[in-house]
Amino acid sequence: MEIKDFCTGIQHIGIPTNDIKATIAFYEQLGFQVVFQTINQGESVAFLQLGNLVIETYESKSAVMQAGAIDHIALDVKDIDTLYEVMKDKHFHLLDNRVNYLPFWGHGVKFFIIQGPNKEKIEFCERIQ
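Residues numbered from 1 in each chain as written. Predicted model: local features only at pLDDT ≥ 70, side-chain atom pairs only at ≥ 80, totals over all residues. Heavy atoms only, no water.

### Describing the pattern of salt bridges
Under the definition given, this model contains three salt bridges. We note a salt bridge from K88 to E85, for which the minimum N-O separation is 3.6 Å. Here E85 and K88 lie together in helix α2 (residues 80-89), a separation of three residues that amounts to about one turn. (Salt bridge = Lys/Arg side-chain N within 4 Å of Asp/Glu carboxyl O. Helix = DSSP H or I, 4+ residues; strand = E, 2+ residues; numbered from the N terminus.)

### Thoughts on the layout of surface pockets
Over the atoms rolls a probe the size of a water molecule, and its path tells where empty space is left. Size it by volume and the largest pocket reaches roughly 650 Å³. If you go around the largest pocket, you meet 31 residues; those closest to its centre are E43, E56, Y58, D71 and H72. At the level of secondary structure, the elements contributing two or more residues to the lining of the largest pocket comprise β1 (7-17), β3 (43-50), β4 (53-59), β7 (100-102), β8 (109-115) and β9 (121-127). Class assignment of the residues belonging to the lining of the largest pocket gives a composition of 16 nonpolar, nine polar and six charged. (1 Å grid on protein atoms, 1.4 Å probe; cavity = no way out; pocket = protein on both sides within 12 Å on 5 of 7 lines; lining within 4 Å. Points joined across faces, edges and corners; volume = space filled by probe spheres on them. Nonpolar A, V, L, I, M, F, W, Y, C, P; charged D, E, K, R; others polar.)

### Thoughts on the packing of aromatic side chains
Applying the stated rule across the entire model yields nine aromatic pairs. Taking 5.5 Å as the distance between ring centres and 50° as the angle between the ring planes, the aromatic pair formed by F36 and F104 counts as tilted. Here F104 lies in the loop between β7 and β8 and F36 lies in strand β2 (residues 33-40), a separation of 68 residues in the sequence. For F36, a relative accessible area of 18% translates into the label buried. Judged by its relative accessible area of 4%, F104 falls in the buried class. With a centroid separation of 5.9 Å and an interplanar angle of 80°, the aromatic rings of F47 and F104 are classed as edge-to-face. Here the residue F47 occupies a position in strand β3, and F104 occupies one in the loop between β7 and β8, the gap between them amounting to 57 residues. (Phe/Tyr/Trp six-rings, centres within 6.5 Å; stacked < 30°, edge-to-face > 60°. Buried < 20%, exposed > 50% of the residue type's maximum accessible area, 1.4 Å probe, protein only.)

### A word on α2
For α2, the complete set of buried residues consists of I80, L83, Y84, V86 and M87. Buried residues of α2, seen end-on, are gathered within an arc of 165° and therefore sit on one face of the element. Each element contacted by the buried residues of α2 is listed here: β5 (72-77), β6 (93-94), β8 and β9. Just beyond α2, the residue with positive phi is H91, at close to 65°. (Arc of directions from axis to C-beta. Contact = heavy atoms within 4.5 Å.)

### Side note on the nonpolar core
Grouped together as the largest cluster of nonpolar side chains are 13 residues, with contacts concentrated most on L83, M87, F112, I114 and F124. Secondary-structure elements contributing two or more residues to this core are α2, β8 and β9. By residue number, the principal contributor to this core is α2, which donates five residues. What L83 contacts, discounting residues up to four positions off in sequence, is I3, F6, V77, F112 and F124. Counting twelve residues, the second largest nonpolar core, distinct from the first, contains F36, F47, Y58 and L102. (Core = buried A, V, L, I, M, F, W, Y, C linked by side-chain atoms within 4.5 Å.)

By themselves, these are just geometric observations and shouldn't be taken as functional.
In structure tokens:
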């Protein structure tokens, strides 16, 4: 099975912020709606959606605040545990030593992150049903 066979589309784009309220207000003016909000490890996190585009913004107080500061692109996937093993076997630069879990979106999400050739981060994410 090839990696593309696990991917079903874009999950979200991750944008760190130093002011989550201002970031939410900005994207709401563009037509985005907050579809999920929580606290994760002391950081405020909000997912904003416009059509099929979702932005995950999180208040880190250490956001770079310059062009190119998008933190990651996340892809929706299925069978993430198998995909993780495939990526490991193909020697991708894994930034996680296991598939992680967060209690987001009702039943949670499982995810792991790789690093691309330009130091970009690509997150593979499966919502648990």
